[in-house]
Amino acid sequence: MRGFLDSLYRLGGYLSALQLVLIMAMVVLQVLGRILDKLLLAVGLNALGLQVPGLAELAGFLLLGATFTGLAYTFSVGGHIRVDLVHRALPDGVRRGLDLGVTAVALAITGYALWYCGRLAYDSYDFGDVSIGMVPVPLWIPQTVMVVGLAWLAVALADALAGLVSGRIRHLKDESPQE
């Protein structure tokens, strides 16, 4: 099960990276198209008009996807910002209790967000909502990616909570098995 969960988290990280690469590729193509058009105009030829329609909107949707699909992976490798100045100064038992409480609250908040984002995606699908940009994208598509990312994060938080309760994880910052 541990290998499956770690693979699931890595998959989210890879999907997040892929979406960032797609954003970069679209921007690079847009810039190269503009440069080519300017060069063609400079030598007296007609511009080709190479543009990615709705680039900003599509990049925004991909950025949303990259953010949410990467949440579980980032959490699983300890990459989220954590202020642990006080945490490190606390006695071990208090740290453990704090980790349990914070993880449980994070799981509850994530579950709440997951429920309402799921309802939003369903309503967008049900009403046929589309984006208002140049490319009418059905809004349930990026919203569903957001729901999947939140579900991944909920699994990662439940995994961490189970690890803290069982003693497999001593502290959130230290996810190595207890010796």
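Report follows, based on the coordinates. Quick caveat: nothing in here was measured; it's all calculated off a predicted structure.

Focus on the overall build of the chain
Line of reasoning, step 1. Of the regular secondary structure elements, the chain holds six helices and zero strands.
Line of reasoning, step 2. Reading the chain from its N end, one meets helices and strands in the order α-α-α-α-α-α.
Line of reasoning, step 3. Relative to its length of 179 residues, the chain is extended, with a C-alpha radius of gyration of 22 Å against a globular reference of 16 Å.
Line of reasoning, step 4. Principal-axis analysis of the C-alpha atoms gives the chain an extent of 75 × 40 × 30 Å.
Line of reasoning, step 5. Burial status across the chain gives 31% buried among its 179 residues.
Line of reasoning, step 6. Counting contacts in the chain only where the partners sit at least 6 residues apart, residues at least 24 apart contribute 68% of the total.
Line of reasoning, step 7. Carbon and sulfur atoms make up 72% of the accessible area of the chain, which totals about 11,000 Å².
Line of reasoning, step 8. Here the chain carries 12 positive and 13 negative side-chain charges, and the mean point of each set is 6 Å from the other.

Notes on the environment of L8
Line of reasoning, step 1. For L8, the location among the structural elements is in helix α1 (residues 2-42).
Line of reasoning, step 2. Sequence separation between L8 and A56 is 48 residues; the distance between their C-alpha atoms is 30 Å.

Observations regarding the layout of surface pockets
Line of reasoning, step 1. As a volume, the largest pocket reaches approximately 360 Å³.
Line of reasoning, step 2. Lining the largest pocket are 18 residues, and of these F75, I81, R82, V102 and L172 sit closest to its centre.
Line of reasoning, step 3. Counting residues per element, the ones that place at least two in the lining of the largest pocket are α3 (71-76), α5 (92-127) and α6 (140-166).
Line of reasoning, step 4. For the lining of the largest pocket, the element with the highest residue contribution is α5, accounting for six residues.

Notes on the environment of W115
Line of reasoning, step 1. Position of W115 among the secondary structure elements: in helix α5.
Line of reasoning, step 2. With 59 residues separating them in the primary sequence, W115 and A56 have C-alpha atoms 28 Å apart.

So, the pattern of salt bridges
Line of reasoning, step 1. One pass over the full model with this rule turns up three salt bridges.
Line of reasoning, step 2. Across the pair R2 and D6 runs a salt bridge whose closest N-O atoms are separated by 3.4 Å. With R2 and D6 both in helix α1 and four residues apart, this pair spans about one turn of that helix.
Line of reasoning, step 3. Of the residues examined, R2 reaches a relative accessible area of 32% and is grouped as partly exposed.
Line of reasoning, step 4. For D6, a relative accessible area of 29% translates into the label partly exposed.
Line of reasoning, step 5. Residues joined by salt bridges that share partners form a network here, namely R2, D6, D159 and R168.

Concerning the packing of α5 against α6
Line of reasoning, step 1. At a minimum axis distance of 8 Å, the contact between α5 and α6 shows a crossing angle of 160°. With respect to α6, the element α5 is oriented roughly antiparallel. Relative to α6, α5 is oriented so that their crossing is left-handed.

Quick look at the packing of aromatic side chains
Line of reasoning, step 1. Scanning the model with the defined rule gives two aromatic pairs in all.
Line of reasoning, step 2. Where Y112 meets Y116, the ring centres are 4.9 Å apart and the plane angle is 55°; that geometry is what we call tilted. Of the two residues, Y112 and Y116 both sit in helix α5, four residues apart, roughly one turn of that helix.
Line of reasoning, step 3. Among the residues examined, Y112 registers a relative accessible area of 56% and is labelled exposed.

Rules and cut-offs
- Residues numbered from 1 in each chain as written.
- Predicted model: local features only at pLDDT ≥ 70, side-chain atom pairs only at ≥ 80, totals over all residues.
- Heavy atoms only, no water.
- Helix = DSSP H or I, 4+ residues; strand = E, 2+ residues; numbered from the N terminus.
- Rg over C-alpha atoms; globule rule 2.2 N^0.38 Å.
- Buried < 20%, exposed > 50% of the residue type's maximum accessible area, 1.4 Å probe, protein only.
- Contact = heavy atoms within 4.5 Å.
- Areas by Shrake-Rupley, 256 points an atom, 1.4 Å probe, with all protein chains shown as cover.
- Lys, Arg positive; Asp, Glu negative; His and termini not counted.
- Charge placed at Lys NZ, Arg CZ, Asp CG, Glu CD.
- 1 Å grid on protein atoms, 1.4 Å probe; cavity = no way out; pocket = protein on both sides within 12 Å on 5 of 7 lines; lining within 4 Å.
- Points joined across faces, edges and corners; volume = space filled by probe spheres on them.
- Salt bridge = Lys/Arg side-chain N within 4 Å of Asp/Glu carboxyl O.
- Axes fitted to C-alpha atoms, helices over the stretch in contact; angles between N-to-C directions.
- Parallel < 35°, antiparallel > 145°, perpendicular 65-115°, else oblique.
- Left-handed = near helix turned anticlockwise from the far one by under 90°.
- Phe/Tyr/Trp six-rings, centres within 6.5 Å; stacked < 30°, edge-to-face > 60°.

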